[in-house]
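So the chains spell out like this:
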Amino acid sequence: MTVHQVRSAILQATSVTIGSVALLEVTTHLPSQGRSAPAYHSLFDSILTPLGRRLFTPENAHHLALEVVRRNWAPRGRVENGMEVEIGEERKLVVDSPIGLAAGFDKDGVAIGGLFDLGFSFVEIGSVTPLPQPGNAKPRSFRLVEDKGVINRFGFNSDGAEVVREHLRQYRQEFGGRGAGLFPDERCKNGKLKQNDVDVVDEHDSKSDEHEDSKIAREKSMHLAQSFFNSLAWTSGWAWNRIVKSPQHRTGILGVNLGKNKTSEDEVEDYITGIKELGPYADYLVINISSPNTPGLRSLQQADRLRRLLTSTLKARDEYAQHAPLFVKLAPDLSPDEMKDVAEVMLETGIDGMIVSNTTNARPDFLLSKNRYEAGGLSGAPVRERSTECIRTMYQLTNGNIPIIGVGGVGSGRDAYEKIKAGASLIQVYSMMVYEGPGLISRIRKELAEIIRENGHRSVEEVVGADCEEIYWRKREEKVNKKMKEAERELVDM
């Protein structure tokens, strides 16, 4: 190949590259918006997610999805502003949107940064047990495609608190937040950052003994060809970093969901161990006593046992993670009397919040899938109405005085809005992503913001508990009176 031919090839390739990038921008916005582009969302939601359901078992698809998120290949969420929520009194949580991830997707905290990039304002990892355990035998996860539901009987499979603590430490060192300063940066030694060994190649070191004209011409051609391939590599690298990789990870509120080991003889001590080991890195902690897949776990929701558990874990929280609000996660299968007992215990002990609700053992009559008879907890669309009703009941029983994180079958902004009206301050999503794809998070945030504005509200907090009118208006009045007193004090101080 002559010098002229190589130069022509480079010019032609450059023109094609520029034209391709321009065409890609006009048709998909990928060059300018990267993983936030609608086309990238559609790729995952309309093609890859359905394909994954056809090609992989539920558990293998779960592992694949987690790896995609960990490697930052998943769609990047499109953020809606004006959705900030603040919950709690003494220990406040402030999020820029009420939409978060429920526990169960990232059990061991390996993909936290990527999950925030999806558009979640808060991420809950776990459940984490003190000691590693494999969980129940496989298969243990089943899709109910016709019903947009999922049944699982994982049984708290976990790498254990020690491994998860290391994952949290690494995350906090990179992104900051709780626990970031507990350990020195292991990359540093004697105050200097260790450098990776780099092989240095002298690009000018070449054999200079050959001076024949033919070899000089060949070297020029090779140099031009190398320039061409370097340009191609740079263009590919630019496209990868611009379209696939994020310019900067998002961060948010990080929760840690705690479980007990299957063979443990002292469940209270298991939860205390989890608080001690992981609490320093968490923005909030969750005591999970409602999984249907660990024998005897749900009996901890009985009044006397719950009182002992919450008293002990709150004491441990005050000792090891004083900053962290402590939540308890409840089942949707509690009877009205059991719900009343649980509400009384929570008010008595001063728990910071509750998550309503976990998966259900019930099988509604309307289920169509052949997998509906599998043992385990049912989640997704079939539990949507039941979980919303549980939220409404618990909000009423506690007079709206204990913040609620609502979860169960949320697949749209309307679903989230209904749970907020029922009494939830924050919303968690998980199972519906199996059917709607990762772009669901951006759609929920957008739809929820539109619905709130269409109904004449200025914030999420104005919607919380609207279904319970007596409590709702009493709390609104209390809030107005509080603001008036604060304004009066400011005038006196002036």
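Predicted model only: the values in this text are computed from it and were never measured.

(A) Representation of helix 12 (residues 413-422). With seven of 10 residues buried, helix 12 is to be regarded as a mostly interior element. Every buried residue of helix 12 is accounted for by Gly413, Asp415, Ala416, Tyr417, Lys419, Ile420 and Ala422. For helix 12, the secondary structure elements touched by its buried residues are strand 3 (99-101), helix 11 (384-397), strand 14 (404-407), strand 15 (426-429) and helix 14 (440-454). Positive phi shows up at glycine 423, right after helix 12, with a value of about 135°.

(B) Region of the structure containing the pairing of strand 9 (residues 253-258). Along strand 9, six of the six residues are buried, which leaves the element largely enclosed by surrounding structure. In strand 9, alternate side chains face the same way, and those of Ile253, Gly255 and Asn257 on one face and Leu254, Val256 and Leu258 on the other are all buried. In this sheet, strand 9 lies alongside strand 4 (residues 122-128) in parallel orientation, the contact comprising six bridges. The residue bridging valine 128 from the neighbouring strand is leucine 258, located in strand 9. In this sheet, strand 10 (residues 284-288) lies alongside strand 9 in parallel orientation, the contact comprising four bridges. Among the inter-strand pairings, valine 256 is bridged to a residue of strand 10, identified as leucine 285. What joins strand 9 to strand 10 is helix 8 (residues 267-278), and the crossover it makes is right-handed.

(C) Representation of the side chain of threonine 294. With respect to the helices and strands, threonine 294 occurs in the loop between strand 10 and helix 9 (303-320). Beyond its immediate chain neighbours, meaning those up to four positions away, threonine 294 contacts Gly155, Phe156 and Lys260.

(D) Structural detail: the confidence of the model for the chain. Taken residue by residue, the chain gives an average pLDDT of 87. The fraction at 70 or more is 80%. Confidence drops under pLDDT 50 across residues 184-208; counting only partners more than four residues distant or on other chains, this segment forms 10 contacts.

(E) The arrangement of the environment of proline 280 in detail. Inspection of the secondary structure assignment puts proline 280 in the loop between helix 8 and strand 10. It is 6.4 Å that separates the C-alpha atoms of proline 280 and arginine 178, two residues lying 102 residues apart in sequence.

(F) Structural detail: the pairing of strand 12 (residues 353-356). Neither face of strand 12 is exposed, since Gly353 and Ile355 on one face and Met354 and Val356 on the opposite face are all buried. As paired elements, strand 11 (residues 326-330) and strand 12 share four bridges and run parallel to each other. In the strand pairing of strand 12, leucine 330 is matched with valine 356. Examined bridge by bridge, strand 12 and strand 14 share three bridges and lie parallel to one another. Paired with valine 356 across the bridge in strand 14 is glycine 406.

(G) Looking closely at the nonpolar core. Leu168, Val256, Leu285, Met346, Met354, Met394 and Val429 are the most contacted members of the largest nonpolar core, which totals 100 residues. Top element by residues in this core is helix 14. It accounts for seven residues. With near-sequence residues (within four places) excluded, methionine 354 lies in contact with Phe327, Val328, Leu330, Met346, Met394, Thr398, Ile402, Pro403, Ile404 and Ile405. Within the second largest apolar cluster, six residues are counted, among which are Phe142, Leu144, Leu367 and Val383.

(H) Highlighting the sheet that holds strand 6 (residues 149-152). With antiparallel pairing, the three strands of this open sheet are ordered in space as 5-6-13. Strand pairing shows two members of the sheet lacking a second neighbour, strand 5 (141-144) and strand 13 (377-380), which therefore form its edges. On average, each strand axis in the sheet is tilted by 25° relative to the strand beside it, whichever way the strands run. Where strand 6 and strand 13 come together, four bridges link them in antiparallel fashion. Note on strand 13: the bridge partner recorded for glycine 149 is glycine 380.

(I) Representation of the sheet that holds strand 11 within the structure. Judged by pairing direction, the barrel is parallel, and its eight strands sit side by side in the order 3-4-9-10-11-12-14-15 before closing back on the first. With strand direction ignored, the average angle separating the axes of adjacent strands in the sheet is 25°.

(J) Quick peek at the packing of aromatic side chains. One pass over the full model with this rule turns up six aromatic pairs. Ring centres 6.5 Å apart and planes at 65° place the aromatic pair phenylalanine 122 and tyrosine 284 in the edge-to-face group. Of this pair, phenylalanine 122 sits in strand 4 while tyrosine 284 sits in strand 10, and the two are 162 residues apart along the sequence. Tyrosine 284 carries the same exposure label as phenylalanine 122, and that label is buried. Plain terms: the ring middles of tyrosine 284 and phenylalanine 327 are 5.4 Å apart, the flat faces sit at 65° to each other, and that makes the pair edge-to-face. In this pair, tyrosine 284 is assigned in strand 10 and phenylalanine 327 in strand 11, connecting sequence segments 43 residues apart. Across the pair, phenylalanine 327 and tyrosine 284 agree in class, each one buried. Clustering of aromatic rings is evident, with ring pairs tying together Phe122, Tyr284 and Phe327.

(K) Spatial organisation of the packing of helix 11 against helix 12. Between helix 11 and helix 12, whose axes approach to 8 Å, the crossing angle comes to 25°. Considering the angle they form, helix 11 stands roughly parallel to helix 12. Residues Arg384, Ser387, Thr388, Ile391, Arg392 and Tyr395 of helix 11 form the contact with helix 12, whose own contacting residues are Asp415, Glu418, Lys419 and Ala422.

(L) Region of the structure containing the pattern of salt bridges. The tally for this structure, following the rule as stated, stands at 31 salt bridges. With a shortest N-O distance of 3.2 Å, arginine 172 and aspartate 283 are connected by a salt bridge. Of this pair, arginine 172 sits in helix 6 (residues 161-175) while aspartate 283 sits in the loop between helix 8 and strand 10, and the two are 111 residues apart along the sequence. For arginine 172, a relative accessible area of 3% corresponds to the buried category. A single salt-bridge network, built from bridges that share partners, covers Glu90, Arg91, Arg317, Asp318 and Asp352.

What counts and how
Residues numbered from 1 in each chain as written. Predicted model: local features only at pLDDT ≥ 70, side-chain atom pairs only at ≥ 80, totals over all residues. Heavy atoms only, no water. Buried < 20%, exposed > 50% of the residue type's maximum accessible area, 1.4 Å probe, protein only. Helix = DSSP H or I, 4+ residues; strand = E, 2+ residues; numbered from the N terminus. Contact = heavy atoms within 4.5 Å. Pairing = 2+ DSSP bridges. Right-handed = clockwise from strand over helix to strand, strands pointing away. pLDDT = per-residue confidence, 0-100. Core = buried A, V, L, I, M, F, W, Y, C linked by side-chain atoms within 4.5 Å. Axes fitted to C-alpha atoms, helices over the stretch in contact; angles between N-to-C directions. Phe/Tyr/Trp six-rings, centres within 6.5 Å; stacked < 30°, edge-to-face > 60°. Parallel < 35°, antiparallel > 145°, perpendicular 65-115°, else oblique. Salt bridge = Lys/Arg side-chain N within 4 Å of Asp/Glu carboxyl O.

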